[in-house]
Amino acid sequence: MHANWKTWTHVTKLDPDKRLPPGAVEEIATSGTDALMLSGTLNVTRENLLELLDQVSLYGLPVVVEPASPDCAIFDGGVDHLFVPSVLNTDDVRWIVGKHYTWLLSNGDGIKWDMVVPEAYIVLNPDSAVGRVTGADCNLSAREVSAFAQVADRYFRFPIVYIEYSGRYGDPRVVQAAAGAVHDAIIYYGGGIRSAKQAAEMGRYADTIVVGNAVYEEGIEVLRATVRAVH
Ligand SMILES: CC(C)=CCC/C(C)=C/CC/C(C)=C/CC/C(C)=C/COP(=O)(O)OP(=O)(O)O
Ligand SMILES: O=P(O)(O)OC[C@@H](O)CO
Ligand SMILES: [Mg+2]
């Protein structure tokens with residue numbers, strides 16, 4: 001599997017738990033975004049994931065599945081990569097390595113390792129579903145976020161460090177600090193991007209920006225504007 005994903009600057013995150021009006025999937029897939037990521041924390045099932053996968057796989061755009069649990073780790077049906085999160089800033093070991101352990105215990109032989117890309121999540125919005133579910137300690141300074149980013153990059157050698165503010169626009173200085181602290185890792189930023197200005201601001205520091213909720217709440221013109229801002 002090629003590592004072309006490292007060149008993406010704009011990723012659109014689609015939630016299998018949410019509905020899109022007819023035609024919307026085609027507009028998103030042809031918006032100029034570099035890849036579609038299928039992901040959500042709550043109410044994502046194998047069934048709604050496969051349904052969304054079926055809708056998006058027609059367009060030839062790279063498709064990433066980002067599972068929140070082992071039952072959503074899917075390799076077939078047009079999936080190019082499986083981005084598997086570990087949350088670094090939690091004391092609950094399940095979200096760092098525990099789910100991964102049970103995944104391997106129950107289905108180790110079924111894993112296509114050349115499709116798997118590990119992601120080190122630093123979760124910074126305590127009110128997001130991912131913040132609540134994982135019990136992440138979101139009260140971190142830029143220095144503390146940078147230290148987590150360095151642990152991920154230099155020690156664990158995660159290929160991706162994901163600064164996650166899901167649902168809220170974050171602090172660009174935190175993203176700048178994390179980006180400045182890593183050596184090899186690709187920096188993802190996601191959370192609350194709803195304009196070209198915000199996309200450009202986070203895109204200055206992050207290698208890849210992720211737009212999620214805006215696709216459902218703002219529409220295609222906003223998505224296109226965020227693409228243009230980082231391309
Ligand atoms: C070992 C395997 C295969 C899976 C476990 C993966 C882990 C540890 C996940 C923990 C973090 C997590 C739940 C990631 C899911 C991706 C994510 C952050 C989605 C965004 O979620 P929100 O936007 O907060 O949730 P909703 O959109 O559902 O409200
Ligand atoms: O939905 P938004 O707030 O755009 O966040 C994108 C993504 O980082 C969520 O995991
Ligand atoms: Mg979401």
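Residue indices begin from 1 for each chain and proceed along its sequence in written order. To read the labels, note that chains go from A and ligands from 1, taken in the order they are written. In keeping with the model being predicted, local features are shown solely for residues with a pLDDT of at least 70 and side-chain atom pairs are shown and tallied solely at 80 or more, while totals for entire chains, interfaces and linings include all residues. Side-chain measures here rest on the full set of heavy atoms in the structure, leaving out hydrogens and waters.

## Remarks on the packing of helix H5 (residues 142-155) against helix H6 (residues 172-181)
Thought 1: Axes here refer to lines fitted to C-alpha atoms; in helices the fit is confined to the stretch in contact. Angles between the N-to-C directions go from 0 to 180 degrees. Every helix listed is a DSSP run of H or I at least four residues long, and every strand listed is a run of E at least two residues long, numbered separately from the N terminus. Two elements in contact, H5 and H6, have axes separated by 8 Å at closest approach and are oriented at 35°. For the pair H5 and H6, the sense of crossing is right-handed. Contacts between H5 and H6 pair Ala 142, Val 145, Ser 146, Ala 149 and Gln 150 from the former with Arg 173, Val 174, Ala 177, Ala 178 and Ala 181 from the latter.
Thought 2: The classification used treats Ala, Val, Leu, Ile, Met, Phe, Trp, Tyr, Cys and Pro as nonpolar, Asp, Glu, Lys and Arg as charged, and all other residues, Gly among them, as polar. Here the residues of the contact of H5 with H6 are counted per class, giving seven nonpolar, two polar and one charged. Less than a right angle of anticlockwise turn of the near helix away from the far helix marks a crossing as left-handed, whereas a clockwise turn marks it as right-handed. Residue contacts are defined here by distance: any two heavy atoms, one from each residue, within 4.5 Å place the two residues in contact.

## Describing the pattern of salt bridges
Thought 1: What makes a salt bridge here is a side-chain nitrogen of Lys or Arg within 4 Å of a carboxyl oxygen of Asp or Glu, nothing more. In this structure the tally under the stated criterion is eight salt bridges.
Thought 2: Note that Glu 217 and Arg 194 form a salt bridge whose closest N and O atoms lie 2.6 Å from each other. Within this pair, whereas Glu 217 is found in helix H8 (residues 213-217), its partner Arg 194 is found in the loop between strand E7 (186-190) and helix H7 (196-203), the two being separated by 23 residues in sequence.
Thought 3: Only protein chains enter the calculation, and the probe is 1.4 Å; a residue is then buried if its accessible area is under 20% of its type maximum, exposed if over 50%, and partly exposed in between. When its relative accessible area of 30% is taken as the criterion, Arg 194 is described as partly exposed.

## A word on the site of ligand 2
Thought 1: Each residue is tested against the molecule or strand, and it is near if at least one of its non-hydrogen atoms lies within 4 Å. Around ligand 2, the neighbouring residues are Lys 13, Tyr 162, Glu 164, Ser 166, Gly 167, Gly 190, Gly 191, Gly 192, Val 210, Val 211, Gly 212 and Asn 213.
Thought 2: Throughout this description, a polar contact denotes any pair of N or O atoms lying within 3.5 Å of each other; where both atoms belong to protein, one of them has to be capable of donating a hydrogen while the other can accept it, and for residues adjacent in sequence the pair is counted only when both atoms sit in side chains. The separation between an oxygen atom of ligand 2 and a polar main-chain atom of Gly 192 is 2.8 Å.
Thought 3: Per-residue accessibility takes into account occlusion by the displayed protein chains alone, with areas from the Shrake-Rupley method and a 1.4 Å probe. Taking 310 Å² as the accessible area of ligand 2 by itself, protein coverage stands at 93%.
Thought 4: Of the grid points, spaced at 1 Å and generated over the protein atoms alone, those admitting a 1.4 Å probe that cannot get out make up cavities, while open sets with protein on both sides within 12 Å along at least five of seven lines make up pockets; any residue with an atom within 4 Å of a point is treated as lining. Throughout, a molecule is located in a cavity or pocket provided that more than half of its atoms lie within 2 Å of its grid points. In a pocket analysis with a 2 Å cut-off to the grid points, ligand 2 is assigned to the largest pocket.
Thought 5: Among the elements of the structure, strand E6 (160-164) and strand E8 (208-211) are those that each provide at least two residues to the shell around ligand 2.
Thought 6: Looking at the shell around ligand 2 residue by residue, the class counts come to three nonpolar, seven polar and two charged.

## What about helix H9 (residues 220-230)?
Thought 1: When we look at burial in H9, the residues that qualify are Ile 220, Leu 223, Ala 225, Thr 226, Val 227 and Val 230.
Thought 2: Buried residues along H9 sit in contact with strand E1 (10-14), helix H1 (24-29), H7, E8 and H8.

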